[in-house]
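# Topology and contacts: notes
Here's the letter readout for the chains.
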Amino acid sequence: MENKKNMKNWLENMELAHPLVIAGPCSAETEQQILNIAHQLKDTDVNFYRAGIWKPRTRPGNFEGVGALGLKWLQKVKEETGLKTATEVANRNHVKLALEHDIDLLWIGARSTVSPFIMQELADALQGTDKIVLVKNPVNPDLGLWLGGIERLKTAGIKKLGAIHRGFSTYEKTKYRNIPEWQIAIDFQNKFPDLPLINDPSHITGKRDMIFDVSQMALDLNFDGLMIETHHDPDKAWSDAAQQITPATLIQMMIDLRIRKESDEETDFKSKIDLLRAQIDIADNQLLETLGRRMKISDQIGELKKQKNVAVLQSKRWNEILGKMILEGETRGLSEEFVLRVYKAIHQESINHQQKIVKGS
Ligand code: PEP
Ligand code: MN
């Protein structure tokens, strides 16, 4: 317990009046670009200036980062603006170089957290460092890998630890670049309640116009901070162009976001109920997404029925579904009456959809 408390201290010791903000471009491109953005973020709410030096690209042939040269530019940022610096490390050589260049915060990317071998190599290289180390969630929705990465770093004596929630890969396309699966972040928070948890809406959304809403959701869920990719000319960025915002947009966002401050008058009851309500909102969104997906499949069945001239209402199939769902519902504490009512409504909507399709012949 004592040990856990120590870890939150690095953030508490900063005594910020607002959540932690890490901002800066996805990638360091040129010295001029790095300095230009940094100067625009100077004297704002930004606490750490991020820039990727070594870029993990899913497919080869894309811009893979400027390499160690960029660390010198980050040092210059610190000298000229006073901003603390942050970059991603993915092997022991990156760690060595980043520490030599006095980078203040090192984060471990989603493609590294998936590999216990890489995590162990990084933990060994970081052994005993007093720099801040943040671990992004793995690309796949696996809480164990994320926790395991943290545990390896704790064992290596790293005190200033934290985590970044950047969403998870899905094969199926969704409106997100990486689906948030908020429940995993909440479960993480429950396992390590004293570890600062930062949200990365840029990599979750992949689109700049969705960043505000995801940031607000994260703050409502009690996240400790945000990491937001910021570029002076986002559309021309060498990586992740669609998700970067300008420094001006970031500054406005910081004004518009409703920041949940745990003030004295805010009772335990209120913060608990807000957290539960945010979880209800997530579940409701998932419900609608699932219903929408179900209806699209039903539309495809409608097309097939139309082609083969089969009747829309198939009573036998419908009764089978009902029977199965009543049993399923029971195991989840849902009454038969409720399941019947919900399924009748779903079935009716499905029939309406299919009838429209069949009529359209
Ligand atoms: C990044 O922060 O630029 C990055 C590569 O992130 P992730 O590891 O979340 O993909
Ligand atoms: Mn990026």
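Structure shown above.
Owing to the predicted nature of the structure, the values given are computational and were not obtained by experimental measurement.

What follows deals with the packing of aromatic side chains. Going through the model one piece at a time under the given rule, you end up with four aromatic pairs. Here the aromatic rings of Phe-63 and Trp-238 are separated by 5.0 Å at their centres, their planes lie at 90°, and the arrangement is edge-to-face. With a gap of 175 residues between them, Phe-63 in the loop between strand 2 (48–50) and helix 3 (69–81) and Trp-238 in the loop between strand 8 (225–229) and helix 11 (247–256) connect regions that are remote in the sequence. Arranged with centres 5.7 Å apart and planes meeting at 50°, the rings of Phe-188 and Phe-192 form a pair that is tilted. Across this residue pair, the class does not change: Phe-188 and Phe-192 are buried. Here the aromatic cluster, defined as three or more aromatic residues joined through ring pairs, consists of Trp-146, Phe-188 and Phe-192.

Taken together, 13 residues are adjacent to ligand 1, and Arg-50, Lys-55, Arg-111, Lys-136 and Arg-166 come closest. Between Ala-110 and ligand 1, the recorded distance is 2.9 Å, taken from a backbone N or O atom to an oxygen atom. By residue class, the composition of the shell around ligand 1 is four nonpolar, two polar and seven charged.

Now for the side chain of His-231. Relative to the helices and strands, His-231 resides in the loop between strand 8 and helix 11. The class for His-231 is buried, based on a relative accessible area of 1%. From its side chain, His-231 meets the backbone nitrogen of Asp-233 in a polar contact 2.9 Å long. If sequence neighbours within four positions are ignored, His-231 has contacts with Pro-25, Glu-29, Gln-33, Ile-37, Ala-237, Gln-244, Ile-245, Thr-246 and Pro-247.

Turning our attention to the environment of Ser-115. Position of Ser-115 among the secondary structure elements: in the loop between helix 5 (110–113) and helix 6 (116–126). Look at Ser-115 and you get buried, because its relative accessible area is 17%.

Right, let's talk about the sheet that holds strand 4 (residues 105–108) for a bit. Whenever strands of a sheet pair, they do so through backbone hydrogen bonds, lying parallel or antiparallel. One closed barrel holds the eight strands; their spatial order is 1-2-3-4-5-6-7-8, and the pairing between them is parallel. Between one strand and the next, the sheet's axes are offset by a mean angle of 25°, whatever the strand orientation. Here strand 2 runs beside strand 3 (residues 84–88); their pairing, made up of three bridges, is parallel. Residue Phe-48 lies in a different strand from strand 3, and its bridge partner there is Lys-84. Sitting on the sheet, helix 7 (residues 143–155) touches strand 4, strand 5 (132–136), strand 6 (161–165) and strand 7 (197–199), and the angle it makes with strand 6 is about 160°.

Ideal geometry at a metal centre gives angles of 109.5 degrees when four donors are arranged tetrahedrally and 90 or 180 degrees when six donors are arranged octahedrally. Protein-derived coordination of the manganese ion (ligand 2) comes from Cys-26 (SG), His-203 (NE2), Glu-229 (OE) and Asp-240 (OD), at a distance range of 2.1 to 2.4 Å. The sequence motif formed by the donor residues of the manganese ion (ligand 2) is C-x176-H-x25-E-x10-D. One end of the pair, Cys-26, is in the loop between strand 1 (20–24) and helix 2 (31–41); the other, Glu-229, is in strand 8, with 203 residues separating them in the sequence. On the basis of relative accessibility, which here comes to 1%, the residue Glu-229 falls in the buried class.

Next up on the list: the layout of surface pockets. Volume-wise, the second largest pocket comes out at about 710 Å³. Surrounding the second largest pocket, 24 residues form its lining, Lys-175, Tyr-176, Ile-179, Asn-285 and Glu-289 being those nearest its centre. Every element with two or more residues in the lining of the second largest pocket is listed here: helix 10 (211–220) and helix 12 (268–308). The element best represented in the lining of the second largest pocket is helix 12, accounting for 10 residues. Tallied by class, residues from the lining of the second largest pocket come to nine nonpolar, seven polar and eight charged. For the lining of the second largest pocket, the two domains that each supply at least three residues are domain 1 (2–259) and domain 2 (266–359).

Rules of the game
Residues numbered from 1 in each chain as written. Chains lettered and ligands numbered in written order. Predicted model: local features only at pLDDT ≥ 70, side-chain atom pairs only at ≥ 80, totals over all residues. Heavy atoms only, no water. Phe/Tyr/Trp six-rings, centres within 6.5 Å; stacked < 30°, edge-to-face > 60°. Helix = DSSP H or I, 4+ residues; strand = E, 2+ residues; numbered from the N terminus. Buried < 20%, exposed > 50% of the residue type's maximum accessible area, 1.4 Å probe, protein only. Near = heavy atom within 4 Å. Polar contact = N/O pair within 3.5 Å; in protein donor to acceptor, adjacent residues only side chain to side chain. Nonpolar A, V, L, I, M, F, W, Y, C, P; charged D, E, K, R; others polar. Contact = heavy atoms within 4.5 Å. Pairing = 2+ DSSP bridges. Axes fitted to C-alpha atoms, helices over the stretch in contact; angles between N-to-C directions. Donors = N, O, S within 2.8 Å, 3.2 Å for Na, K, Ca; no water. 1 Å grid on protein atoms, 1.4 Å probe; cavity = no way out; pocket = protein on both sides within 12 Å on 5 of 7 lines; lining within 4 Å. Points joined across faces, edges and corners; volume = space filled by probe spheres on them. Domains from an automatic or database assignment.

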